[in-house]
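Given next are the chains, with one letter for each unit.
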Amino acid sequence: MNWKSRSNNWIAFIIIITFLGIYGCDKQEIEIVSPPSHKYAPGLYPDSTITDGPFISVIGSNYTVRWIDKNRSVIEKSISGNEMGDFEADFGFPFEFIKTFHDRSESNDYIQEFSNVEKLVALSDIHGQYEIFVSLLKNNSVIDEDNNWIFGSGHLVICGDVFDRGNRVTEILWLIFKLENQANQMGGKLHYLLGNHEIMVLNKDLRYIDYKYETTARKMGTTYDQLYSKNTIIGEWLRTKPVIIKINDILFNHAGISPEFIDRRLTIQLANRMFQENIIDKSSAVYDADPITELLAHSNGPIWYRGYFQDDNFNENKLDEILEYFNAEHIIVGHTTMDDIVYYFNNKVIAIDSGIKYGDQGNVLLYNNGVFSIGTID
Ligand code: ZN
């Protein structure tokens, strides 16, 4: 074989591999974002750097609290009945928050519409970047030096994708859980919306987890998705979360509401219910068999859609139809990463994934009596 025919073979080989790479995967895999930048190679995550938890599983009123302490040991404590142990000393918030959540009697609220909200802060796609999340909340007066809620009756909206890429996901989840409780006590509200990365982890797609979490799960004798099964407190809590909410005249969701969503006359209430009941914990064979859940779970659904930013056929008229359908003036979304908070279509779409995942930047969207502005990290 001469040099030329060999190089032609190579070119053919590369074309075939490229073709398989693009078309040999389902549409969820074509995510137009950079892959996670891992600090360590697979299996080489230094155990010595890992503390993690708590991971709390519950059967009836018997809670088992497990975590990896600074000596890398797995600690396990049982809390049953009214013994709260020294949970607050270990984790900085009262066990009562957990018990109140688990014992709640009201059913899930699928409607998720709120009015007369004067001030809010919104951010998205935190992806395990705990320090940036905390700095943003502190510098924009949502929390104090001790990470406690000081935002009064304000609303904090987190538009999904807390999970994956970064390595302090657990800390963020518990901080959100604590702040949600504190906000409720002060007449405020924290809204944590599900993004595609929450749904991926809950549905056992672990491609994007930081390698740290393989070690955490192994030490816990389980798999990462099982740390968030419905028998755990955070798993149970995540399964109550919405994908779309409306506050005043503003819609919030992870990725965007597509024209196909309104063509099918879907509603906020139906979408939230479908995700909780018919998509989470279900296989794609199940949700793809129903045309509504098939639409919701894929690229024209509210956790994956990118049409506002990447579809040349999308335009302001289509956006106006969507806004009119919901009787809204603005849609706020994350998912498609920008370098800052960016306004599109005469401020009707506000893109708030400001690149927190990169670990060295990030902004929040502020809203005060109808006026939007940008809050920075410093
Ligand atoms: Zn996303």
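Refer to the preceding data block for the structure.
Nothing here was measured: the structure is a model prediction, and the numbers come from that model.

Conventions used here
Residues numbered from 1 in each chain as written. Predicted model: local features only at pLDDT ≥ 70, side-chain atom pairs only at ≥ 80, totals over all residues. Heavy atoms only, no water. Helix = DSSP H or I, 4+ residues; strand = E, 2+ residues; numbered from the N terminus. Buried < 20%, exposed > 50% of the residue type's maximum accessible area, 1.4 Å probe, protein only. Contact = heavy atoms within 4.5 Å. Core = buried A, V, L, I, M, F, W, Y, C linked by side-chain atoms within 4.5 Å. Axes fitted to C-alpha atoms, helices over the stretch in contact; angles between N-to-C directions. Parallel < 35°, antiparallel > 145°, perpendicular 65-115°, else oblique. Salt bridge = Lys/Arg side-chain N within 4 Å of Asp/Glu carboxyl O.

(A) Region of the structure containing the overall build of the chain. Along the chain, the regular secondary structure elements total 14 helices and 14 strands. Here the chain holds 378 residues, and the buried ones make up 52% of them. Taking the contacts inside the chain whose residues are at least 6 apart along the sequence as the reference set, 68% of them involve residues at least 24 apart.

(B) How the structure looks around the nonpolar core. With 97 residues, the main nonpolar core has Tyr-228 and Tyr-308 as its most contacted residues. In terms of residue count, helix α5 (residues 169-185) provides more of this core than any other element does, nine residues in total. The contact partners of Tyr-308, leaving out residues within four places of it in the chain, are Gly-256, Ile-257, Phe-314, Leu-319, Ile-331, Val-333, Phe-345 and Val-349.

(C) Structural context of the packing of helix α3 (residues 95-102) against α5. At a closest axis distance of 10 Å, the pairing of α3 and α5 adopts a crossing angle of 80°. Looking at the two axes, α3 sits roughly perpendicular to α5. Here Phe-97, Ile-98 and Phe-101 of α3 come into contact with α5, specifically with Trp-174, Phe-177, Lys-178, Asn-181, Gln-182 and Gln-185.

(D) Layout of the pattern of salt bridges. This model, assessed by the stated rule, comprises 12 salt bridges. One salt bridge connects Asp-281 with Arg-239, and the closest N-O pair in it is separated by 2.8 Å. Remark: Arg-239 occurs in the loop between α8 (233-238) and β8 (244-247) and Asp-281 occurs in the loop between α10 (268-279) and α11 (284-287); sequence separation between them is 42 residues. For Arg-239, a relative accessible area of 12% corresponds to the buried category. Among the charged side chains, a network of salt bridges with common partners joins Glu-131, Arg-168 and Glu-171.

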